[in-house]
Amino acid sequence: MSNYHIKHLEEYFQVYRKSVNHPEAFWEEIAEENFIWRKKWDAVLEWDFSKPEVKWFKGAKLNITENCIDRHLLTRGNKTAILFEPNDPNEPAEYITYKQLSIRVNKFANVLKSKGIQKGDRVCIYLPMIPELSIALLACARIGAIHSVVFAGFSATALATRINDADCKMVITSDGSFRGNKTIDLKGIVDEGLEKCKTVESVLVVKRIHTDIQMKSGRDYWIAPLLEKASATCEIEIMDAEDPLFILYTSGSTGQPKGMLHTTAGYMVYTAYTFKNVFNYKEDDVYWCSADIGWITGHSYIVYGPLANGATSVMFEGVPSYPDFGRFWQVIEKHKVNQFYTAPTAIRALAKEKLAFVEKHDLSSLKVLGSVGEPINEEAWHWYNDNIGKKKSPIVDTFFQTENGGIMLTPIPYVTPTKPTYATLPFIGIQPVLMDENGQELKGNKVEGRLCFQFPWPSIARTIWGNHQRYKETYFTAFKGKYFTGDGALRDEVGYYRITGRVDDVIIVSGHNLGTAPIEDAINEHPAVAESAIVGFPHDIKGNALYGYVILKEVGESRNHDNLRKEINQIITEHIGPIAKLDKIQFTDGLPKTRSGKIMRRILRKIATNESKNLGDISTLLNPEVVQSIIDHKL
Ligand code: WT7
């Protein structure tokens, strides 16, 4: 990307106006000046939210890895592209230059080809935060294979569901992973998951923890010997602008996870442009995003956005609490990190610990702090600002979603005055609107409603893999002609946005997006359970925690309730992963339902959050009498 940054607020408004009044001219200029194209586009944008269909840079040809790697070789070949900081602070960090990255990605791409992977094939990546994870993504992109990264904290069942949904041909995993002082048997989880999958022909295994694992002959291959033999040059596959780049699953309020499909050119342009401006990245900066590449934040702001800018991007394998609660701050000091991007849940957890963990370290390299994934509460915002940024590094509270691909609402550091708990203003090119429940737009300031976007941006997901109808219903039907986020938001007296939280049945726990339906389905698998309902309630560290109401099959089920609670959480862990475990489980004889049989989660939510005094009118319920009994037995 060119070196130009937006420098002051007036300029932001000027550029913003241009991007809204002349979006095609605006994005054409960004695309033209900052990337390598094998062929230019025939049209900048074609769109119709009623179908919905969006095409950016139609007809253009490119490869994203040529933009993220090859073009830097001459000017930045010896600059560190990926700076790997291992779980164990005593293991040396690894500095992978753009030249080395190029060799490793090319070799990896050749290994994929040698195992029969071709353009359009889906490859599931289930790896811990080690360099091979970034390399595997890029290797897929180089040959036009569609990567589908599954966060390595998901269970075997969740992994299998995702592999099957996309008919993946290959899985890339490791012999295990390090997490603090624990190891996790990733390969074992893959083996278990693959018992339920028919499309996977091969499994590539990275050696990381060096334990003995089972290798299934004819299916499983250690990757190291294959890489050793592979050629270090692999021609790029020339991709169409709208060819798929990756699938990434996100939870829905109902049913199966949704495989959000992102395509090539628009995603590249938007993640690169946002990265540059949201983090004010300068050539010699060291940038660190502590997210996992299993989430969209990692795809866009550890891998593609930074590398498209020729940045140095830190990849951290560990956890904030190992070997102690100073680990993040020690890494910042060690690598002189300039931009640090993390989640409110991590900030809240670390803010609970002694300040000495922070004070031990020199954090003077920091210039920009970022927050993402959930609303950041005022206390956490100030703690971050005072103790980490020392009141001199602006906090960018960035709002976006897996579906969005890149940051949508955010301050621009040193440009937009920040305000605690506010994501402030739309990024360039983004057109937010707030809608009321009747579908009317709320104009002007000091309003609160449902957050929508009324115009496409380059990195909007194009569909849900294999289910375009669901894509349309989920995002484009609630408000005609608009993309609906599922979040509530308010616009204050100066036009700043604050996200107020989900308005659907998605609950954000520790920054993880969890749908209620899959968790309820898992609980209902327990032989003693008749029915269940999940709601969120506020939690000091996690933001929200899960509260489950469970009806047992036999009234007065005599078994020990604590054991049942453990078993229920065990089932959830097996079906989804430990992130979806319930903090509280209340056994009840009934659940409040509408006359059409729908569970009234709104009432359950109020009870769980101690607001049972204002439940509103419950007389229209099918069974209003259960409500009092639920209140009486609240945990
Ligand atoms: C949901 C999307 C985008 C990165 C990881 C999450 C919530 C995200 C913020 C923020 C308040 C936020 C929303 C959104 N969210 N960023 N800065 N302030 N809420 O991606 O898993 O697709 O979750 O995360 O509720 O809809 P995701």
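Every residue gets a number counted from 1 within its own chain, in the order that chain's sequence is written. In keeping with the predicted nature of the model, local features appear solely for residues at pLDDT of at least 70, side-chain atom pairs appear and are counted solely at 80 or more, and the whole-chain, interface and lining totals rest on all residues. As a rule here, side-chain values come from all non-hydrogen atoms in the structure, and water together with hydrogens is ignored.

Before going further, it helps to spend a moment on the packing of helix α5 (residues 98-114) against helix α6 (residues 131-143). Describing two packed helices takes the angle between their axes plus the distance from one axis to the other. An axis is simply a line fitted to the C-alpha atoms; with a helix, the fit covers only the stretch in contact. Between two such axes, the angle follows the N-to-C directions and lies from 0 to 180 degrees. Helix and strand assignments follow DSSP, with helices taken as H or I runs no shorter than four residues and strands as E runs no shorter than two, numbered in order from the N terminus. The interhelical angle for the contact between α5 and α6, taken along N-to-C directions, is 65°, at an axis separation of 8 Å. Pair α5 / α6 crosses with right-handed handedness. Contact with α5, carried on its side by Leu101, Arg104, Val105, Asn106, Phe108, Ala109, Leu112 and Lys113, involves Pro131, Glu132, Ile135, Ala136, Leu138, Ala139, Cys140, Arg142 and Ile143 of α6 and no other residues of that element. Crossings are sorted by hand: turned counterclockwise from the far helix by less than a right angle, the near helix makes the crossing left-handed, and turned clockwise it makes it right-handed. Should any heavy atoms of two residues lie within 4.5 Å, those residues are considered in contact.

Across the nine residues of strand β24 (residues 483-491), nine count as buried, placing the element largely inside the fold. Note on pairing: two strands pair once DSSP finds at least 2 bridges between them. Looking at chain direction, strand β22 (residues 447-453) and β24 are connected through six bridges and run antiparallel. Looking at the pairing, Glu448 lines up with Leu490 of β24. In textbook terms, the turn of a hairpin is the stretch between consecutive antiparallel strands, and for β24 and strand β25 (residues 497-502) this stretch comprises five residues, one of which, Gly495, has a positive phi near 95°. Exposed residues in this analysis have more than 50% of their type's maximum accessible area, buried residues have under 20%, and partly exposed residues fall in between, with area computed by a 1.4 Å probe over protein chains only.

Think of it this way: one heavy atom of a residue within 4 Å of a molecule or strand is enough to make that residue near it. The immediate surroundings of the ligand are formed by 18 residues, with Asp397, Thr398, Thr402, Asp487 and Arg502 found nearest. At 2.9 Å from an oxygen atom of the ligand is found a side-chain nitrogen or oxygen belonging to Gln401. Between the ligand and Asn513 there is a distance of 3.0 Å, counted from an oxygen atom to a side-chain nitrogen or oxygen. Considering the ligand on its own, with 550 Å² of exposed area, one finds that the protein chains cover 95% of that surface. Listed by contribution, the elements that provide at least two residues to the shell around the ligand are α11 (296-308), β20 (395-398) and β25. Residues were grouped as follows: Ala, Val, Leu, Ile, Met, Phe, Trp, Tyr, Cys and Pro as nonpolar; Asp, Glu, Lys and Arg as charged; and all remaining residues, including Gly, as polar. Classifying every residue of the shell around the ligand gives seven nonpolar, seven polar and four charged. Polar contact criterion, stated in full: a pair of N or O atoms within 3.5 Å, where within protein one must be able to donate a hydrogen and the other to accept it, and residues adjacent in sequence count only if both atoms are side-chain atoms. Here the accessible surface of atoms and residues is derived via Shrake-Rupley with a 1.4 Å probe, and residues count as covered only by protein chains that are part of the display.

A word on the domain arrangement of the chain. By domain assignment, the chain separates into domain 1 (2-489) and domain 2 (510-632). All the domain ranges listed were derived from an automatic or database domain assignment. Here domain 1 and domain 2 have C-alpha centroids that lie 33 Å from each other. In this complex, domain 1 contributes 18 residues to the contact, which on the side of domain 2 involves 20 residues. Together, the buried faces of domain 1 and domain 2 total about 1300 Å²; carbon and sulfur atoms form 51% of this surface. It is Ser251, Thr345 and Arg348 that lose the most area in domain 1 upon contact with domain 2, and together they represent 27% of the buried surface on that side. For this analysis, a salt bridge means a side-chain nitrogen from Lys or Arg found within 4 Å of a carboxyl oxygen belonging to Asp or Glu. Taken together, domain 1 and domain 2 are joined by one salt bridge. Between Asp540 and Lys352 there is a salt bridge; the shortest N-O distance is 3.3 Å. Between domain 1 and domain 2 we count eleven residue pairs in polar contact (both at pLDDT 80 or more) in total. Within the residue set of the side of domain 1 that touches domain 2, elements represented by two or more residues are α7 (156-165) and α13 (344-351). The element best represented in the side of domain 1 that touches domain 2 is α13, accounting for three residues. The residue inventory of the side of domain 1 that touches domain 2, partitioned by class, reads four nonpolar, eleven polar and three charged. Note: buried area is the sum, over both parts, of the accessible area (probe 1.4 Å) each one loses when the two are combined.

What follows is about the sheet that holds strand β23 (residues 463-464). Hydrogen bonding along the main chain pairs the strands of a sheet, whether they run parallel or antiparallel. Strand order in this open sheet of eight strands is β12-β11-β8-β6-β7-β14-β15-β23, and the pairing throughout is mixed. Each edge of the sheet is formed by a strand with only one pairing partner; in this case those strands are β12 (220-222) and β23. Docked against the sheet, α6 engages β6 (122-125), β7 (146-149), β8 (170-174), β11 (202-206) and β14 (244-250), running at close to 175° with respect to β6. Against the sheet, α11 makes contact with β7, β14 and β15 (258-263), and its axis sits at roughly 140° relative to β14, the strand it touches most.

Taken in spatial order, the seven strands of this open sheet run β5-β4-β17-β16-β18-β19-β20, and their pairing is mixed. Looking at the sheet topology across the chains shown, the edges are occupied by β5 (94-97) and β20. Neighbour to neighbour, the strand axes of the sheet diverge by 20° on average, direction disregarded. The sheet contact formed by strand β19 (residues 368-372) and β20 spans four bridges and is parallel. Residue pairing across strands places Gly370 opposite Val396, the latter belonging to β20. Together, β4 (80-85), β5, β16 (286-289), β17 (312-316) and β18 (339-342) form the strand contacts of helix α12 (residues 327-335), whose direction differs from that of β4 by roughly 140°.

Turning our eyes to something else, we now look at the environment of Ala160. Relative to the assigned elements, Ala160 resides in helix α7. Classification of Ala160 by relative accessible area gives buried; the value is 2%. Along the backbone, Ala160 and Ile603 are 443 residues apart, and their C-alpha atoms lie at a distance of 34 Å.

Any two of the Phe, Tyr and Trp rings considered here, Trp counted by its six-membered ring, make a pair once their centres fall within 6.5 Å; the pair's planes then place it as stacked at under 30 degrees, edge-to-face at over 60, or tilted in between. Taken as a whole and judged by the stated rule, the model has 49 aromatic pairs. Aromatic side chains Trp37 and Trp41 sit 4.9 Å apart centroid to centroid with 80° between the ring planes, which places their arrangement in the edge-to-face category. Note on accessibility: Trp37 and Trp41 belong to one class, buried. Taken together, a centroid distance of 5.7 Å and an interplanar angle of 40° make the contact between Phe275 and Phe279 tilted. What makes Phe275 buried here is its relative accessible area of 0%. The exposure class assigned to Phe279 is buried, which follows from its relative accessible area of 0%. Among the aromatic residues, ring-to-ring pairing joins Phe26, Trp27, Phe35, Trp37, Trp41, Trp56, Phe57, Tyr270, Tyr273 and Phe427 into one connected group. Whether a charge sits over a ring comes down to the Lys NZ or Arg CZ being within 6 Å of the ring centre and within 35 degrees of the ring normal. The lysine or arginine in question, Lys207, covers the ring of Trp222, its NZ or CZ lying 4.5 Å from the ring centre. In this arrangement the basic side chain of Lys419 is found over the ring face of Tyr422, its NZ or CZ atom lying 4.1 Å from the centre.

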